[in-house]
Structures are given as structure tokens and as C-alpha cells.
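Working through the structure, step by step
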Amino acid sequence: MTALPLPRSFPALPETAAHADEPVALLQLDATDAIEAASAVYREVRRGRRVVAVASGGGDAPARLIEALDAIGVAAVQPAPGEALLPSGVAVVAGPDIGARRTVAPSRVLRVALAGCGVVGGGVLTRLQADPRFEVVGVLVRDPGKARDVVLPPELTLSDPAALLAREPDVLVEAISDASTGLALIRAALARGIDVVSANKQAVGGDLAALTSLAETSGARLLYSASVGGGAPLIETVRRARAHAPVVRIEAVLNGTCNYILNRLADGRDFDEALIGAREAGFAEEDPSADLTGLDAAAKLAILAHEALDGGLSPDRIARETLAAEAVLPTGRVRQLARLDVRKNLAGVAFRAVDGDPLFADLPDEWNALRVTTGDGRVFTARGRGAGRVPTTESVWADLSELAG
Ligand SMILES: NC(=O)c1ccc[n+]([C@@H]2O[C@H](COP(=O)([O-])OP(=O)(O)OC[C@H]3O[C@@H](n4cnc5c(N)ncnc54)[C@H](O)[C@@H]3O)[C@@H](O)[C@H]2O)c1
Ligand SMILES: N[C@@H](CCO)C(=O)O
């Protein structure tokens, strides 16, 4: 395994090519609750659908929905009257008032154990507390006395992983910053037949084949969409590509922190100031060296490789380069690119110039992007916000909604 060269030429605008035969979902949404309406759109987008959303809830409903989608990282447009709806990924149009929604009591309430209450876990807790389909039975944190930006009831607060699972949840949501504790919890939950939703790529990416097999044995479900790409549906895009034809190549920007820093360096900003910005925004890992040394991207690439091939690509076999204040970077628009070339048996995370690449060159802030090529030459792409509370919570939420049925 070694770091990889980039191809010398880039496919022209693969995003539009990939859209041509994607199915279309037509949604009628009450955008009074723009976050819930955006969730409905997001779930369709991650299934690979183009969406036409008819938004009711006042004249500004389309604008509110588009804003909520932007916070997740889903680009949406409001076409002018007479303009075509379908060429773009998500089109939002104003709809008539559909009246107040009837609240239907859920047929089953899922008991959720939440591990971690930081950037990701805190976002998920707030959504859980507001949704009658779920009951939070416990929240695991390292330091119960720590001040938080979300309301964490004392009777739910635990610091012992065994005590969390003793509360007999139906689902474990694992969003902690410690790989070994996270992995042990996931294993223990799956072994007991408890479904798991994890955002923890270091826990999931170490040996995903073993976790998948454990889940199959116990009949539990293991979902981990947020572990790669934050809110960008990267795992789902690889699965779609693989369902089409064998995957031969993956190229991706998988770390929001590095992308954010590289964009700021390109604007002439100071490295340390950019890193502080990424930490304050909730993009960086608790120990940001995982972002800067490529460990984070390598774990994510290993997960994508599992999705593409089932093959065991261990993160520690992936060549990596480090971003630092003194790092010598290529000239031009630079990205931290993760790349897997199946035919050449190569995998690496390296800094490469991507000028002229329509997928990667203009990738803003913490955004991630993915290009998957299949054996017949078809290209599948995805972009979205790769880190931060709102997009990552949305991704966990979509997994939880799948479990809730
Ligand atoms: N922040 C993001 O944008 C983002 C996006 C996708 C995935 N993730 C992943 O989600 C996980 C959580 O990230 P975060 O940004 O919320 O981190 P965070 O540092 O904000 O929060 C981490 C939480 O984990 C808990 N924790 C850590 N070690 C623990 C232990 N040994 N026992 C019990 N609790 C423990 C802490 O108390 C805290 O509540 C990480 O695995 C991260 O890689 C983060
Ligand atoms: N630290 C990670 C969080 C999202 O996985 C990043 O910056 O991409």
C-alpha cells in the first residue's frame, strides 16, 4: 500500500451525468417545522433520489426549507416559475396550505441508549427528546459534572458503559470520542441483539467485517452512516455504485477539518488560527492529530472499502501524509484526498492539487466529496457537509428513523 498519484485529467462534471437516471421523489411537506421537513428530503437524497419538494407553511416556506437543507449540506434550489424542476438534485416549490398535521401516536416506542453527549451526541439527544417515537433510557458521558450546551437530565446520566446497556435499550446510539470504549460498547450491544447506530469511525472502521458478522449472528442491525462524510451520504453512494457494477476506484475528501484548514491557508490565513476555527466549529476530533495525520480519513476510507469490496482494508495499511504549519504542500488548490484503486491494489491519504476538478476544486469549508468509478466507467458522486453538529446529527437521525420504521 502506498500514497497514490491523481489522474492527470478529470471527468467533466460527473455530478450531472450521474443524475440522469436517478429516480425522483415528489414530497409534499409542511415546512412549518423546517428541520423535520429537511429530514424527509435528506432521507430521499441519501437513497440516491432527486427530489421535488412542495413546501407549504406560508410564503417563505420554500426559503426556510432551503435554509434548513443548506445547514445539513443538501444543495436545493427554488426554480423560477416555468423553469424546469428536474435537472437539479433538489427543487423546492411553494405549495398550498395543507393544514395542521395530525399527530399520530407511534405504534412502538424505541428505547434508546446514547453514548456520548458532545457535538454529535448533544445534537441527537435534543432530537430524541422532542420525538415521541423514542424514549431515552440513559446517556453515557465521561464526566457527568461537565457543563453542556444541551439539557441532560441527571437521572439519565451515566459514566459506566455496563450501566448504560443494563437499562435494556432497543438501540444504542454510539457517538463517543474514544475508539476502544466505543468498540467495546458496540460489540456488547450487538452480542445482546441490540441495534447500533454509530458515528465513531475509529471504532467501526477498525474491523467492520467482524462487527457485521457479529450483527448477523445476533440478528441486530448495525448502521454507521455518520461515521463517514458527516451529513454527506458517502456510504450510501458507494453502495449504489456497487449495486450497479464492481467498484474500481474511490477518490474522496473525507476530512472536514483538513478541508476547512486548507481553504483558509489558500486565503492566506494562519494555520493555528484555522485549526482553532475548526475546533470551535465542532469539526475537529477531540485529539485533532487524528484529522491532521490522516488517521481519520484512513478509517473512513477503510469503511468505504468495506462497502465497495467486503475486503478487509485495515486503516493502518493505508499510507498517510500529515498536515502541519510547516508542511510543504503542492501549489494550486490543494485537498487531502483519500484514494483507493482496486485494480492497482493501492490505498492512500495524501495532499494533492485538484485545480480544474469539478468535484473537489471548489469544495467549501468543512465539506466532503466522493467520486466512485465502476468497472463499466460509470461515475457516482456525492457532496455535503462532512462535519459539525447539524449535518452529523441528521445522518444519525436518518439511521434511527430507519430503525424506527
Ligand atoms: N464532530 C463531528 O463533526 C463528527 C462527525 C462525524 C462523526 N464524528 C464522530 O462522533 C464521535 C463523537 O464526536 P464529537 O464531535 O461529538 O465528540 P465530542 O468530543 O464533542 O464528544 C465526545 C463525547 O464522548 C464522551 N466520551 C469520550 N470518551 C468516553 C468514555 N471513555 N466513556 C464515556 N464517554 C466518553 C464524552 O463525554 C463526550 O460526551 C467521534 O467518534 C467522532 O469521530 C464526529
Ligand atoms: N473530525 C472529523 C469529523 C467528521 O467525521 C472531520 O473533520 O471530518
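As recorded in an unreviewed UniProt entry, the chain goes by Homoserine dehydrogenase and comes from Brevundimonas lenta.

Further remarks concern helix α6 (residues 179-191). With 13 residues, α6 ought to run about 18 Å at 1.5 Å a step, and its terminal C-alpha atoms sit 18 Å apart, in line with that. Within the sequence span of α6, burial applies to Gly 182, Leu 185, Ile 186, Ala 189 and Leu 190. Along α6, the residues classed as buried sweep out an arc of 125° about the axis, all on the same side. Residues of α6 that are exposed and point more than 90 degrees away from the buried face comprise Ser 180 and Ala 191. The first or second residue beyond α6 is Gly 193, which carries a positive phi of 85°.

In the neighbourhood of ligand 1, 23 residues make up the surrounding shell, with Cys 117, Ile 176, Lys 201, Glu 285 and Gly 388 lying closest. Contacts to ligand 1 include Asp 178, whose side-chain N or O atom sits 3.0 Å from a nitrogen atom. Between ligand 1 and Glu 285, the relevant distance is 2.7 Å, taken from an oxygen atom to a side-chain nitrogen or oxygen of the residue. Broken down by class, the residue content of the shell around ligand 1 amounts to 10 nonpolar, 8 polar and 5 charged. Counting residues domain by domain, the shell around ligand 1 receives three or more from each of domain 2 (110-229 + 391-404) and domain 3 (234-387).

Gly 256, Thr 257, Phe 283, Glu 285 and Asp 291 are the nearest of the 13 residues found near ligand 2. Note that a nitrogen atom of ligand 2 is positioned 2.7 Å from one of the side-chain N or O atoms of Asp 291. Burial of ligand 2 by the protein amounts to 93% of the accessible area it has alone, namely 260 Å². Counting only elements with at least two residues in the shell around ligand 2, the list comes to α10 (256-266) and α13 (295-309). Per-class residue counts for the shell around ligand 2 are 4 nonpolar, 4 polar and 5 charged.

Time to look at the domain arrangement of the chain. By a widely used convention, the size of an interface equals the accessible area lost when the partners come together. Assigned domains within the chain: domain 1 (16-94), domain 2 (110-229 + 391-404) and domain 3 (234-387). On a C-alpha basis, the centroid separation for the pair domain 1 and domain 2 is 29 Å. Together, the buried faces of domain 1 and domain 2 total about 680 Å²; carbon and sulfur atoms form 49% of this surface. The largest contributions to the domain 1 side of the interface with domain 2 come from Tyr 42, Arg 46 and Ile 72, which together make up 60% of the buried area. One can count 2 salt bridges joining domain 1 with domain 2. Ionic pairing is found between Arg 46 and Glu 402, a salt bridge with its closest N-O pair at 2.7 Å. Taken together, the links from domain 1 to domain 2 amount to 5 residue pairs in polar contact (both at pLDDT 80 or more). When residues of the side of domain 1 that touches domain 2 are traced back to their parent elements, those giving at least two are α2 (34-46) and α3 (61-72). Ranked by residue count, the leading element in the side of domain 1 that touches domain 2 is α2, at 5 residues. Looking at the side of domain 1 that touches domain 2 residue by residue, the classes come out as 4 nonpolar, 1 polar and 2 charged.

Conventions adopted
- Residues numbered from 1 in each chain as written.
- Chains lettered and ligands numbered in written order.
- Predicted model: local features only at pLDDT ≥ 70, side-chain atom pairs only at ≥ 80, totals over all residues.
- Heavy atoms only, no water.
- Helix = DSSP H or I, 4+ residues; strand = E, 2+ residues; numbered from the N terminus.
- Expected span 1.5 Å × (residues − 1).
- Buried < 20%, exposed > 50% of the residue type's maximum accessible area, 1.4 Å probe, protein only.
- Arc of directions from axis to C-beta.
- Near = heavy atom within 4 Å.
- Polar contact = N/O pair within 3.5 Å; in protein donor to acceptor, adjacent residues only side chain to side chain.
- Nonpolar A, V, L, I, M, F, W, Y, C, P; charged D, E, K, R; others polar.
- Domains from an automatic or database assignment.
- Areas by Shrake-Rupley, 256 points an atom, 1.4 Å probe, with all protein chains shown as cover.
- Buried area = accessible area lost by both parts, 1.4 Å probe.
- Salt bridge = Lys/Arg side-chain N within 4 Å of Asp/Glu carboxyl O.

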